[in-house]
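In case you want the letters, here they are:
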Number of protein chains: 2
Amino acid sequence: MKNLVDREISKDLRPYGEQSLQKSNHLSKKQTSTQVEFFSSYKEAFDFFSLKDGITVSFHHHLRSGDGVINDVCQEIRSRDFQHVSLMPSSIFPTYQGIAQLIREHRVNNIITSYCNGEVSKLVQQGLLQGDFVMQTHGGRARSIMTGERKIDVAFLACPTVDKSGNGSGMEGKSACGVLGYAISDLEYAKKVILVTDHLVESLDQHQLDGKYVDGVIVVDSIGDPQGIVSGTTRITRDSIGLKIAKDTTKLLDALGLIEDGFSMQTGAGGTSLAVAAYVKELMKQKQIRARFCSGGITSYFVEMLEEGLVDKLLDVQCFDLEAVRSSKENKNHIAISASVYGNPDEANPVSEQLDFVILGATEIDLNFNVNVTTDSFGAIIGGSGGHSDIARGAFVTVVVSSLVKSRLPILRESIRTITTPGCDIDLFVTERGVAVNPLRTDLIQKLDQAGIAHWTMPELLQIAHEMTGVPRALSFSNQVIGYVEYRDGSVIDMLYQEGFE
Amino acid sequence: MKNLVDREISKDLRPYGEQSLQKSNHLSKKQTSTQVEFFSSYKEAFDFFSLKDGITVSFHHHLRSGDGVINDVCQEIRSRDFQHVSLMPSSIFPTYQGIAQLIREHRVNNIITSYCNGEVSKLVQQGLLQGDFVMQTHGGRARSIMTGERKIDVAFLACPTVDKSGNGSGMEGKSACGVLGYAISDLEYAKKVILVTDHLVESLDQHQLDGKYVDGVIVVDSIGDPQGIVSGTTRITRDSIGLKIAKDTTKLLDALGLIEDGFSMQTGAGGTSLAVAAYVKELMKQKQIRARFCSGGITSYFVEMLEEGLVDKLLDVQCFDLEAVRSSKENKNHIAISASVYGNPDEANPVSEQLDFVILGATEIDLNFNVNVTTDSFGAIIGGSGGHSDIARGAFVTVVVSSLVKSRLPILRESIRTITTPGCDIDLFVTERGVAVNPLRTDLIQKLDQAGIAHWTMPELLQIAHEMTGVPRALSFSNQVIGYVEYRDGSVIDMLYQEGFE
């Protein structure tokens, strides 16, 4: 038997070249742009690159509610009367009115995103897209772009500072937003990459976006509203139930031996998650230990830990507040990472898989620990996975924290409206009424028993919930499909339906 | 159609859970050791972990010719009269006499390594192994361990400094060797991991080997001979032919637009490669540009570039000299990477694929640009891929530099004894008599033509060589197989045969 380089190979061996060249299963990035064009308006750039009907356009969401680029690009698409456009924003916030307007005018085929809230959700659920509404995870989005499963014709990447070579940084300029982790796969794999900035400089000392991938730069007066870019509202909860849950969670993690020198963690920016971070910090000082890294969206709480020497490194995919933006620029050990390095399942060793524990939320959870963070109980789209499924899968111990009952509705239910993250990846569910351990984790159950810490089964917690609220009435939902939830590997974990009832 | 979490999915979609959980195709690292045992002899460790006949043992080669651990472990294996042992050292140097002795005593089944030189080569070629002799690449070795394709029962990892928690560093201690990049996959995936050190400290400020993967530490008087650990012999060639090749290569790279602000490169530690680095450095100063990173085995030449501000980062998988060892400890931007991050084809974005150009060597090259760095022209095993195939595949432009004729034998041949790296991954072959461009790279040919730089075809260069040496006599080699060359993806690119003739 001869292989691709014409050598005789024993026939029990796999010959070289049989399955193509088996290069890692992502596209080549070898074609880099040789020249960067500069424009002073969207119009010029659309003309120069001959953008047309039917294009797929991507964006990142690092300017969050303050983003001006998405709305301006949508306006240019409208003014050119484009049809059959597909949009791939990494997330969609209520201020992205331009997208809503395009949908209303029936100009949009597909929307592929990782989080969606606001009017776009409502319009999508009315069935106004001509194609699919697909909700990915942050890591899954990077994977799908890098493998070529999702193709981007042109990425418009808001970039707070750009230099004359087309290098870009989020850390400087009047619209500074910090790390640009969700933009990296778009930068490296979109057919055309256009940075949009309101701050052009001669040259940048440090940049996250490499000019070699950039085809054009649009210089405008403003890329967004600084008020909306960093909300600054990430605060530790003052709610006594949230604080109790956070305290109990910290005790639990300590009893499981997870808060030891060199550990790693991620907590979200929610009030209860931040309270866990605060209790963990207190405990670390008592125990005189350091963490190896904290990852995820970064807030001032983690910056403080870095600057107090309590953690070696922050691995940052997006900055949630101004302190995080400052630190991302100043601290060498505040390290910018991409969505792929963060949670792409194709990465050999993504940050998500190096985590000792993570604290996540849920809008609903079922008896099998399946979690919904995509819709509310009635099916209205109010969020999406973001990194939820990526991190839940990777962390050694994945904790969901929530009060057992919210607004008189149990969070724990026999069945949930939408599955975002599979129950096999959720290990602990901590509520003010007690903790449930996933029966798959016999190791954790054994440790809690040894430590004499009480825990419940999900059916037991459900009974407690029902005693508080009564048994919720079974509802008959609409079965009109409007999209689907894509798991991080590209498979489909659940369908999305029109809101409401049959 | 229902998916694994029991949700109804449209039948044109791929259901979640169909192909297992599609976790990235490497083993889980979740099982970390809870306790580190300390021993004062190999004997104690062998007893404690009940090591037996038939085990597969791995080592790294960062102590190079000075390694004492491999020989000591082999001695312990002999004294216990073990049979059917398999060995996975990342490379084999002539000083690893212990391995040779085990082979002579017919105790060895398989040897899997990425480089082999010295007596072990000779014995293996006599057919003294009971199983296979497999030559991998550095990136392929990491891949095969991380996917579970190759299983290690116990890794004995020489470690110049270890602390009481089992963390290890190569950067300190009397046997300091710097970065331990080839040890990381063994550390994370071997069933048992034993560090061997001659310098135990209370605690380490920085460590590359994480104690959480470590099962045991053996503290001995000496892990090796400092004289042999860092040879200190990496010097720029003084040979006028080598200098001409290096100068021509640099001009060529510049004409191709590869030496521009923000470029990245790797050159080996060979004399001609280092001369290229020196000429490139000179050119960078003239052009007042900086490189983004230099990678690979790191020498003092790259440390100088880092400390003079000519390069942003060194991405270091192994240190070749004492200056590199010092810098790896002192410079924040001298970054230790693993063999996987360096060149594992399963990584989404390994360093190898971020390189603009690389300078590599060859012992032979054929008309299709296939390169041999594994055997000499007669089939004697004298080296191996190391990172050759990994980097050749990844870099945007891969250059092989060599004099056209060595010791009156042409390096360029119609057919070569062993294919290490496929010709499709080699772009330029630079000799003192001219440069050949791979016809696959029409883009490079066009640029050279535009720049008015002469280039030849391989048949033209072959004719020049034959005019110098005469046409080499066709030889009839042994067809007795003794092993094979494994390409980085695990497929087989060539067989290895007994040395000599039929």
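Conventions adopted
Residues numbered from 1 in each chain as written. Chains lettered and ligands numbered in written order. Predicted model: local features only at pLDDT ≥ 70, side-chain atom pairs only at ≥ 80, totals over all residues. Heavy atoms only, no water. Least-squares fit on C-alpha atoms with pLDDT ≥ 70 in both. Helix = DSSP H or I, 4+ residues; strand = E, 2+ residues; numbered from the N terminus. Buried < 20%, exposed > 50% of the residue type's maximum accessible area, 1.4 Å probe, protein only. Contact = heavy atoms within 4.5 Å. Pairing = 2+ DSSP bridges. Lys, Arg positive; Asp, Glu negative; His and termini not counted. Salt bridge = Lys/Arg side-chain N within 4 Å of Asp/Glu carboxyl O. Polar contact = N/O pair within 3.5 Å; in protein donor to acceptor, adjacent residues only side chain to side chain. Buried area = accessible area lost by both parts, 1.4 Å probe. Nonpolar A, V, L, I, M, F, W, Y, C, P; charged D, E, K, R; others polar. Phe/Tyr/Trp six-rings, centres within 6.5 Å; stacked < 30°, edge-to-face > 60°. Axes fitted to C-alpha atoms, helices over the stretch in contact; angles between N-to-C directions. Parallel < 35°, antiparallel > 145°, perpendicular 65-115°, else oblique. pLDDT = per-residue confidence, 0-100. Patch = residues over 30% accessible without salt bridge, like charges linked within 9 Å, V, L, I, M, F, W, Y side chains within 5 Å. Areas by Shrake-Rupley, 256 points an atom, 1.4 Å probe, with all protein chains shown as cover. Charge placed at Lys NZ, Arg CZ, Asp CG, Glu CD. Core = buried A, V, L, I, M, F, W, Y, C linked by side-chain atoms within 4.5 Å. Domains from an automatic or database assignment. Left-handed = near helix turned anticlockwise from the far one by under 90°.

A. Highlighting the relation of the copies chain B and chain A. In the superposition of chain B on chain A (RMSD 0.1 Å, axial shift 0.0 Å), the rotation amounts to 180 degrees. Put plainly, the chains are arranged around a two-fold axis. Among all residues of chain B, the minimum C-alpha distance to the rotation axis is found for E347 of chain B, at 2.7 Å.

B. Layout of the side chain of S300 of chain A. All names here are of chain A. Relative to the helices and strands, S300 resides in helix α10 (residues 300–307). On the basis of relative accessible area, S300 is assigned to the buried category, the value being 18%. With sequence-adjacent residues up to four places away left out, S300 is seen in contact with D321 and E323.

C. Broad picture of the pairing of strand β11 (residues 216–219) of chain B. All names here are of chain B. In this sheet, β11 lies alongside strand β1 (residues 37–39) in parallel orientation, the contact comprising three bridges. Residue pairing across strands places F38 opposite V217, the latter belonging to β11. Relative to β11, strand β9 (residues 192–197) runs parallel, the two being bridged by four bridges. Opposite I194, over in β11, you have G216 as the bridge partner.

D. Local environment of the sheet that holds strand β7 (residues 161–163) of chain A. Residues and elements named next belong to chain A. Across the sheet, three strands lie side by side as β8-β7-β10; this open sheet has mixed pairing. In the strand order of this sheet, the two ends are held by β8 (168–169) and β10 (200–201), each with one partner. Pairing geometry for β7 and β10, over two bridges, is parallel. Paired with V162 across the bridge in β10 is L200.

E. Highlighting the side chain of E432 of chain A. Residues and elements named next belong to chain A. Position of E432 among the secondary structure elements: in the loop between β23 (428–431) and β24 (434–437). At 4.5 Å, R433 is the nearest oppositely charged side chain to E432, a buried residue that forms no salt bridge. In terms of polar contacts, E432 uses its side chain to reach the backbone amide nitrogen of L404, at 2.9 Å.

F. Just the pattern of salt bridges, in detail. Taken as a whole and judged by the stated rule, the model has 58 salt bridges over all chains. Across the salt bridge formed by E119 of chain B and R104 of chain B, the nearest N and O atoms sit 2.5 Å from each other. With E119 of chain B in helix α4 (residues 119–125) and R104 of chain B in helix α3 (residues 97–104), this residue pair connects regions lying 15 residues apart in the sequence. Exposure remark for R104 of chain B: the relative accessible area of 33% places this residue in the partly exposed category. Because the salt bridges share partners, they merge into one network encompassing K43, D47, E76 and R80 of chain A.

G. A look at the interface of chain B and chain A. Each side of the interface is counted separately: chain B has 56 residues, and chain A has 57 residues. Contact between chain B and chain A buries roughly 4600 Å² in total, counting both sides, with carbon and sulfur atoms accounting for 47%. Linking chain B with chain A are four salt bridges. We note a salt bridge from D356 of chain A to K212 of chain B, for which the minimum N-O separation is 3.9 Å. For the interface between chain B and chain A, the tally reads one residue pair in polar contact (both at pLDDT 80 or more). Ranked by residues supplied to the side of chain B that touches chain A, first place goes to strand β26 (residues 492–497) of chain B with five residues. Of the residues assigned to the side of chain B that touches chain A, the class counts are 21 nonpolar, 16 polar and 19 charged.

H. Up close: the packing of aromatic side chains. Residues and elements named next belong to chain A. If you walk through the whole model with that rule in mind, you get 18 aromatic pairs over all chains. Centre to centre, the rings of Y42 and F156 are 6.4 Å apart; their planes meet at 50 degrees, and the pair counts as tilted. Placement of Y42 in helix α1 (residues 42–48) and of F156 in strand β6 (residues 154–158) is noted, with a sequence separation of 114 residues between them. This pair shows no difference in class: Y42 is buried, exactly as F156 is. Centroid distance F93 to Y96: 5.7 Å. Interplanar angle 85 degrees. Geometry classified as edge-to-face. Note on F93: relative accessible area 11%, which makes it buried.

I. Structural view of the packing of helix α2 (residues 69–79) of chain B against α3 of chain B. Residue and element names in this part refer to chain B. Their axes nearest at 7 Å, the elements α2 and α3 cross at an angle of 30 degrees. When the interaxial angle is binned, α2 and α3 end up roughly parallel. For the pair α2 and α3, the contacting residues are I70, N71, C74, I77 and R78 in the first and Q97, G98, I99, Q101 and L102 in the second. Taken together, the residues of the contact of α2 with α3 break down into five nonpolar, four polar and one charged.

J. Spotlight on the confidence of the model for chain A. All names here are of chain A. Mean pLDDT over chain A works out to 91, with 95% of the residues at or above the 70 mark. Contacts from residues 19–31, a stretch scored under 50 in pLDDT, to residues over four places away or in other chains number 36 contacts. Across the interface, the model reports ipTM at 0.70; the global pTM reads 0.64.

K. Broad picture of the environment of M265 of chain A. Residues and elements named next belong to chain A. Among the secondary structure elements, M265 is positioned in strand β12 (residues 263–267). We classify M265 as buried; its relative accessible area is 0%. Sequence separation of M265 and R292 is 27 residues, and the distance between their C-alpha atoms is 8.6 Å. Residue contacts for M265: discarding those within four places in its chain leaves V280, F293, C294, S295, F302, M305, L355 and F357.

L. Seen up close, the environment of R104 of chain B. Residue and element names in this part refer to chain B. Sequence separation of R104 and L128 is 24 residues, and the distance between their C-alpha atoms is 7.1 Å. Not counting chain neighbours up to four residues away, the residues in contact with R104 comprise Q97, E119 and L123. Side-chain polar atoms of R104 contact the side chain of E119, separated by 2.5 Å.

M. Seen up close, a nonpolar patch on the surface. Residue and element names in this part refer to chain A. Together, F378, L409 and L475 make up an exposed nonpolar region whose accessible area comes to about 210 Å². Its location among the elements puts L475 in the loop between α15 (458–469) and β25 (481–486). Assessed through its relative accessible area of 32%, L475 is described here as partly exposed.

N. Main features of a positive patch on the surface. A contiguous patch of positive charge on the surface is contributed by K313 and K332 of chain A together with K313 and K332 of chain B. Within the secondary structure, K313 of chain A is located in strand β14 (residues 311–319). Among the residues examined, K313 of chain A registers a relative accessible area of 37% and is labelled partly exposed.

O. The arrangement of the sheet that holds strand β19 (residues 397–401) of chain A in detail. All names here are of chain A. Pairing is mixed across the open sheet formed by eight strands, whose spatial order is β15-β14-β13-β12-β16-β19-β23-β24. Two strands in the sheet have a free side with no partner beyond their single neighbour: β15 (334–336) and β24. Each strand axis lies, on average, 20 degrees off the axis of its neighbour in the sheet, ignoring direction. Across three bridges, the pairing between β12 and strand β13 (residues 291–298) is parallel. Residue pairing across strands places M265 opposite C294, the latter belonging to β13. Across the sheet, helix α8 (residues 240–255) lies against β16 (357–360), β19, β23 and β24, angled at about 140 degrees from β23, the strand it touches most.

P. Region of interest: the nonpolar core. All names here are of chain A. Counting residues in each nonpolar core, the largest one holds 163 residues, and the members touching the most others are V57, I99, I103, I111, F133, F156 and F429. No other element matches the seven residues that helix α9 (residues 271–287) contributes to this core. Structurally, this core is a two-domain feature, drawing no fewer than three residues from each of domain 1 (37–229) and domain 2 (232–477). Non-local contacts of V57, meaning those with residues more than four positions away in its chain, are made with V73, I77, V85, S86, L87, M88, V154 and F156.

Q. Focus on unusual backbone geometry. The phi dihedral of F369 of chain A falls on the positive side, at around 75 degrees, and the residue is not glycine. Here F369 of chain A shows up in the loop between β17 (364–366) and β18 (371–372). The phi torsion at S407 of chain B lies on the positive side, around 45 degrees, for a residue other than glycine. Examined against the element boundaries, S407 of chain B turns out to sit in the loop between β20 (405–406) and β21 (409–410).

R. Examining the packing of α8 of chain A against α9 of chain A more closely. All names here are of chain A. Two elements in contact, α8 and α9, have axes whose closest approach is 8 Å; the angle formed by their N-to-C orientations is 45 degrees. Relative to α9, the element α8 lies oblique. In terms of crossing hand, the pair formed by α8 and α9 is right-handed. Between α8, through G242, L243, I245, A246, K247, T249, T250 and D254, and α9, the contact on the second element is made entirely by T272, A275, V276, Y279, V280, L283 and K287. Looking at the contact of α8 with α9 residue by residue, the classes come out as eight nonpolar, four polar and three charged.

S. Structural view of helix α5 (residues 138–146) of chain A. All names here are of chain A. Most of α5 is tucked away: nine of the nine residues are buried. Considered for burial, the residues of α5 that qualify are H138, G139, G140, R141, A142, R143, S144, I145 and M146. Looking at the buried side of α5, the elements it contacts are β2 (56–59), β3 (85–89), α6 (184–189), α12 (339–343), α13 (388–394) and β25. The positive-phi residue at the C-terminal boundary of α5 is G148, with phi of around 85 degrees.

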